[in-house]
Amino acid sequence: MPRAGLTPDRITAAAADLADEVGFENVSLSALARHFGVKDASLYSHVRNLQDLRIRVAFLAGGEMIDRIAVAVAGQAGKDALVAFAGAYRAYALQHPGRYAATQIRIAPSLAADSPALRRTAEITYGMLRAYGLDEPDLTDAVRLLRATFHGYCVLESTGGFSHSRAVQTSWDKAIDALHLTLEHWPR
């Protein structure tokens with residue numbers, strides 16, 4: 001019989017918090033069991049295994065992140081939407097490093113297809129890019145460019161990879177300006 005108060009959602013939220021504290025790769029079922037004061041086996045009534053838990057954290061984090069982005073881009077278009085999108089993305093990645101790392105794991109397409117958060121992410125991202133007049137296959141290429149730029153920047157920033165005296169924010173702003181110009185003049 002499942003322990004009172006232990007649910008998949010509660011375990012997932014605790015795993016996400018733990019990921020932000022110790023790193024996503026260091027989250028374990030044993031650490032969560034200690035957190036809840038139960039034996040490891042008690043968690044298996046709620047999550048199948050560590051991979052299941054990691055996917056749950058990825059979906060939770062992806063939902064949180066796109067919720068922030070959606071609020072930021074509401075009513076915006078073009079460069080203003082891009083700046084808002086990028087800023088919300090970066091803020092989430094830096095404030096929640098473990099959760100953000102979870103959003104980068106590979107998830108089976110069959111599971112991804114059932115995720116409302118991933119569908120919403122695609123809708124909001126593609127909607128923002130359509131303001132630049134992009135259609136497929138250019139939309140996919142532009143999404144990959146944005147994700148690679150945002151992700152690379154956030155990872156380098158969070159690991160202290162920018163040691164030059166120039167302010168990191170100034171470089172970020174220039175990068176977003178460059179992305180805007182690229183999107184406006186997308187090669188066709």
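Residues numbered from 1 in each chain as written. Predicted model: local features only at pLDDT ≥ 70, side-chain atom pairs only at ≥ 80, totals over all residues. Heavy atoms only, no water.

Turning our eyes to something else, we now look at the overall build of the protein. Scanning the protein from N- to C-terminus turns up ten helices and zero strands. Order of helices (α) and strands (β) in the protein, N terminus to C terminus: α-α-α-α-α-α-α-α-α-α. Principal-axis analysis of the C-alpha atoms gives the protein an extent of 60 × 40 × 25 Å. Out of the 188 residues in the protein, the part that is buried amounts to 39%. Of the roughly 10200 Å² of accessible surface on the protein, 55% is carried by carbon and sulfur atoms. One way to put it: in the protein the 20 positive side-chain charges average out to a point 5 Å from where the 20 negative ones average out. (Helix = DSSP H or I, 4+ residues; strand = E, 2+ residues; numbered from the N terminus. Buried < 20%, exposed > 50% of the residue type's maximum accessible area, 1.4 Å probe, protein only. Areas by Shrake-Rupley, 256 points an atom, 1.4 Å probe, with all protein chains shown as cover. Lys, Arg positive; Asp, Glu negative; His and termini not counted. Charge placed at Lys NZ, Arg CZ, Asp CG, Glu CD.)

Next up on the list: the packing of aromatic side chains. A full pass over the atoms with the stated rule returns six aromatic pairs. Relative to Phe-150, the ring of Phe-85 has its centre 6.1 Å away and its plane inclined at 35 degrees; by these criteria the two rings are tilted. You can see Phe-85 sitting in helix α5 (residues 78-95) and its partner Phe-150 sitting in helix α9 (residues 138-158), a full 65 residues away along the chain. An identical accessibility class is assigned to Phe-85 and Phe-150; each is buried. Ring geometry for Tyr-153 versus Trp-172: centroids 4.9 Å apart, planes at 65 degrees, classification edge-to-face. One end of the pair, Tyr-153, is in helix α9; the other, Trp-172, is in helix α10 (residues 168-184), with 19 residues separating them in the sequence. An aromatic cluster of at least three residues, connected via ring pairs, comprises Phe-85, Tyr-89, Tyr-100, Phe-150, Tyr-153, Phe-162 and Trp-172. (Phe/Tyr/Trp six-rings, centres within 6.5 Å; stacked < 30°, edge-to-face > 60°.)

Moving on to the pattern of salt bridges. A full pass over the atoms with the stated rule returns nine salt bridges. Its salt-bridge partner being Arg-56, residue Asp-52 comes within 3.1 Å of it at the nearest N-O pair. Placement of the pair is Asp-52 and Arg-56 together in helix α4 (residues 50-73), with a separation of four residues, close to one helical turn. Residue classification places Arg-56 among the partly exposed residues on the basis of a relative accessible area of 27%. Across the pair Glu-64 and Arg-99 runs a salt bridge, and its minimum N-O distance is 2.9 Å. Placement of Glu-64 in helix α4 and of Arg-99 in helix α6 (residues 97-102) is noted, with a sequence separation of 35 residues between them. A relative accessible area of 26% places Glu-64 in the partly exposed class. (Salt bridge = Lys/Arg side-chain N within 4 Å of Asp/Glu carboxyl O.)

The first and last C-alpha atoms of helix α8 (residues 116-130) sit 21 Å apart over 15 residues, in line with the 21 Å expected at 1.5 Å per residue. Considered for burial, the residues of α8 that qualify are Ala-117, Ile-124, Thr-125, Tyr-126, Met-128 and Leu-129. Of the surrounding elements, those touching the buried residues of α8 are α4, α5, α9 and α10. (Expected span 1.5 Å × (residues − 1). Contact = heavy atoms within 4.5 Å.)

Take the environment of Lys-174 next. The residue Lys-174 is located in helix α10 in this model. Residue Lys-174 is classed as exposed on the basis of its relative accessible area, which comes to 52%. For the pair Lys-174 and Glu-64, spaced 110 residues apart in sequence, the C-alpha to C-alpha distance is 27 Å.

None of this, on its own, says anything about what the molecule does.
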